[in-house]
Amino acid sequence: MQHEEHEAIARWERRWLNAAGLLLVLFVILVAYTLATEGGHIAQRSARTTPEALTSLELFENPGVEVTSFRAGEPLQVTATVIAQAWNFVPAELVIPAGAEVTFYLTSRDVLHAFQVENTTINAELIPGEIATLHYTFDEPGVYRTTCNEYCGFGHHNMMGTIRVLRPGDPGLQSVTAPAAGAAAAGGADGEGVYAANCASCHQSTGQGVPGAFPPLVTHAAELYAAGRDYLPKLLLYGLEGEISVEGSAYNGQMPAWGSLSDEELAATLNYVLSAWGNDARLPPDFTPYTPEEIAGHRAETLSAGGVHTLRGTLPLTDQNTD
Ligand code: CUA
């Protein structure tokens, strides 16, 4: 190769390097500009936790909106706690007074999720084990959608919630200052509430599921119970991965493991599912409700989601696994 050609190549390499360097500087300036003038800021990590410890953490015991301080002439201070999990936000809806200074505490129960609120600067990455904290004031009443913008698996596109911002004095705000309804159920876990918060986004509140995507629990849950009492607790604790067939439809989704819920919650949820939608009439006559101790007993086994699929293959079901 000629000397001039070498020179030309070297010149172009320098130009491209300079252009790349300039782009980096431009991006840093843009980020600095948004942080300084558009009210953007980086969500802070306020504390660490583990998904297992989440339910026992006071902050996340009753996720939702709480008024922490109210002084005349000062903006209302409100905290909003949200747990993201496959594939919904708990709670799905937050009701917030306009003008209140909101402190969000956000975390994930299982995998990487995000919490983005449309038309605001709220956009936090939710890392399991980390609690993200950010502050925001909604000046405009209205409905703001929240979405997860980190691909978190099969139901990612369903992962949505809402924030309803109401004018101070709106009667809809009474729920904010009233104690959380779920906590009122003295002592025992509320199976229907746990189901509504965790299961209904896929299996639906009717238990009908979504054909081809999420299997129905109507009839099917009772059928699984009849095939073997130990299967349902393992399914909840360890999840399920692999193709199955239910009432003639094939399903190849992924049931997340729910081991981070407490033994009481899991037992209550199973008992709810087995008594709802006429399932109780389909149970064997010797059925007795699941107890938290029974759930606890299955925790020692540590199956994989694939292992649960293999186990399902051994059950006497009319519709069997299809792989
Ligand atoms: Cu959670 Cu995507």
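Our structure's up above, just so we're on the same page.
How each quantity is defined
Residues numbered from 1 in each chain as written. Predicted model: local features only at pLDDT ≥ 70, side-chain atom pairs only at ≥ 80, totals over all residues. Heavy atoms only, no water. Salt bridge = Lys/Arg side-chain N within 4 Å of Asp/Glu carboxyl O. Helix = DSSP H or I, 4+ residues; strand = E, 2+ residues; numbered from the N terminus. Buried < 20%, exposed > 50% of the residue type's maximum accessible area, 1.4 Å probe, protein only. Polar contact = N/O pair within 3.5 Å; in protein donor to acceptor, adjacent residues only side chain to side chain. Contact = heavy atoms within 4.5 Å. Pairing = 2+ DSSP bridges. Axes fitted to C-alpha atoms, helices over the stretch in contact; angles between N-to-C directions. Core = buried A, V, L, I, M, F, W, Y, C linked by side-chain atoms within 4.5 Å. Parallel < 35°, antiparallel > 145°, perpendicular 65-115°, else oblique. Left-handed = near helix turned anticlockwise from the far one by under 90°. Nonpolar A, V, L, I, M, F, W, Y, C, P; charged D, E, K, R; others polar.

(A) Spotlight on the pattern of salt bridges. For the structure on display, the rule yields 5 salt bridges. Ionic pairing is found between Glu301 and Lys234, a salt bridge with its closest N-O pair at 3.0 Å. Here Glu301, found in the loop between α10 (292-298) and α11 (305-313), pairs with Lys234, found in helix α8 (residues 231-238); they are 67 residues apart in sequence, far enough to count as distant. For Lys234, a relative accessible area of 13% gives the class buried.

(B) Here's a closer look at the side chain of His298. Inspection of the secondary structure puts His298 in helix α10. At 2.9 Å, the side chain of His298 forms a polar contact with the side chain of Glu301. Among residues more than four places away in sequence, those in contact with His298 are Asp230, Pro233, Lys234, Leu237 and Tyr238.

(C) A look at the sheet that holds strand β8 (residues 123-126). Overall, mixed pairing links the 5 strands, which are arranged β5-β11-β10-β7-β8 in an open sheet. Of all the strands in the sheet, the pair left with one neighbour each is β5 (93-97) and β8. This sheet shows a mean twist of 20 degrees between the axes of neighbouring strands, independent of strand direction. Of the strand pairs in this sheet, strand β7 (residues 113-117) and β8 are connected by 4 bridges, and their pairing is antiparallel.

(D) Quick peek at the nonpolar core. Ranked by internal contacts, the top residues of the largest apolar core, which has 36 residues, are Tyr231 and Leu232. Counting only elements with at least two residues in this core, the list comes to α5 (191-198), α7 (220-227), α8, β13 (244-246) and α9 (263-275). With sequence-adjacent residues up to four places away left out, Tyr231 is seen in contact with Leu224, Leu240, Val308, Leu311, Arg312 and Leu315. One finds Ala80, Trp87, Leu126 and Val165 within the second-largest nonpolar core, a separate group that totals 32 residues.

(E) Here's a closer look at α7. With 6 of 8 residues buried, α7 is to be regarded as a mostly interior element. Of the positions making up α7, those classed as buried are His220, Ala221, Ala222, Leu224, Tyr225 and Ala227. Those residues of α7 hidden inside the fold are in contact with α8, β13, α9 and α11.

(F) Local environment of the pairing of strand β11 (residues 160-166). Note: β5 against β11, 5 bridges, orientation parallel. Within the sheet, the bridge partner assigned to Leu94 lies in β11 and is Ile163.

(G) Region of interest: the packing of α8 against α9. The geometry of α8 relative to α9 is characterised by a closest axis approach of 11 Å and an angle of 125 degrees between their N-to-C directions. Judged by the inter-axis angle, α8 sits oblique to α9. The handedness of the crossing between α8 and α9 comes out as right-handed. On the side of α8, the interface is formed by Leu232, Pro233, Leu236 and Leu237, while α9 contributes Leu266, Leu270 and Leu274. A per-class count over the contact of α8 with α9 returns 7 nonpolar, no polar and no charged.

(H) Seen up close, the environment of Tyr290. Tracing the chain through its elements places Tyr290 in the loop between α9 and α10. Judged by relative accessible area, which is 3%, Tyr290 ranks as buried. Tyr290 sits 24 residues away from Leu266 along the chain, and the two C-alpha atoms are 8.9 Å apart. Reaching out from Tyr290, the side chain makes a polar contact with the backbone oxygen of Arg229 at a distance of 2.6 Å.

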